[in-house]
Amino acid sequence: MIEERALQLQHCMYQYSRAIYRSIKDLIDPYADWETQIESRREVLFACEQTMERLAKDPLYFAKPDRALFQDIRRYFPITAQAEVAWAVQQGVNAAVEFIEEQIEAGALDGGVARCRATTRKGKPCQRTPLPDRDYCPSHQHLEARAAA
Ligand SMILES: [Zn+2]
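To start, this report covers the structure provided alongside it. This is a predicted model, so every value here is computed, not measured. (Residues numbered from 1 in each chain as written. Predicted model: local features only at pLDDT ≥ 70, side-chain atom pairs only at ≥ 80, totals over all residues. Heavy atoms only, no water.)

Notes on the coordination of the zinc ion
Here's step 1: Around the zinc ion, the donor atoms from the protein are Cys116 (SG), Cys126 (SG), Cys137 (SG) and His140 (ND1), and they sit 1.9 to 2.4 Å away.
Here's step 2: Along the chain, the residues donating to the zinc ion fall in the pattern C-x9-C-x10-C-x2-H.
Here's step 3: Relative accessible area serves as the criterion here: at 0%, Cys137 is assigned to the buried category. (Donors = N, O, S within 2.8 Å, 3.2 Å for Na, K, Ca; no water. Buried < 20%, exposed > 50% of the residue type's maximum accessible area, 1.4 Å probe, protein only.)

Shown next, in the form of structure tokens:
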């Protein structure tokens, strides 16, 4: 179940990085020679993917991901396109950040969100959200009573 979610998340992040790339790829320096343009496109796509990957792995500690991505790729665009690229990157990254935040809230991601302290019968940590002000989820709350006793 957790692995399924991770795969799904990866897929979504891939969609976001493609969307950002698509929104800016035609702004890449059109006066550069063809080979340079191809190379630039590859670099830009790679930077988008790297940013989305890092965002998925480290959503709470990746400060200003849109600015970070823009800094990484701005050199591939002419001066006249910089503002448009910055805007597109901001829109695209913000959409991805919002999506990730929703996932964290829904408990699909471990973003420092509290987890039940119990281990399941299979020996894996319980992934459920604890009861308010408690260390255990509803199905494991009997463990808390035992620890207190
Ligand atoms: Zn539990």
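On we go from here.
Description of unusual backbone geometry
Here's step 1: Notably, Lys64 is not glycine yet its phi reads approximately 45 degrees, a positive angle.
Here's step 2: Following the sequence through the fold, Lys64 ends up in the loop between α2 (34–57) and α3 (65–73). (Helix = DSSP H or I, 4+ residues; strand = E, 2+ residues; numbered from the N terminus.)

Description of helix α4 (residues 82–105)
Here's step 1: Counted at 1.5 Å a residue, the expected span for α4 with its 24 residues is 34 Å, and the 34 Å between its end C-alpha atoms agrees.
Here's step 2: When we look at burial in α4, the residues that qualify are Gln82, Val85, Ala88, Val89, Gly92, Val93, Ala96, Phe99, Ile100 and Ile104. (Expected span 1.5 Å × (residues − 1).)

A word on a negative patch on the surface
Here's step 1: Judged by side-chain charge, Glu98, Glu101, Glu102 and Glu105 come together as a negatively charged surface patch.
Here's step 2: Mapped onto the secondary structure, Glu105 falls in helix α4.
Here's step 3: Residue class for Glu105 comes out exposed when judged on its relative accessible area of 73%. (Patch = residues over 30% accessible without salt bridge, like charges linked within 9 Å, V, L, I, M, F, W, Y side chains within 5 Å. Areas by Shrake-Rupley, 256 points an atom, 1.4 Å probe, with all protein chains shown as cover. Salt bridge = Lys/Arg side-chain N within 4 Å of Asp/Glu carboxyl O. Lys, Arg positive; Asp, Glu negative; His and termini not counted. Charge placed at Lys NZ, Arg CZ, Asp CG, Glu CD.)

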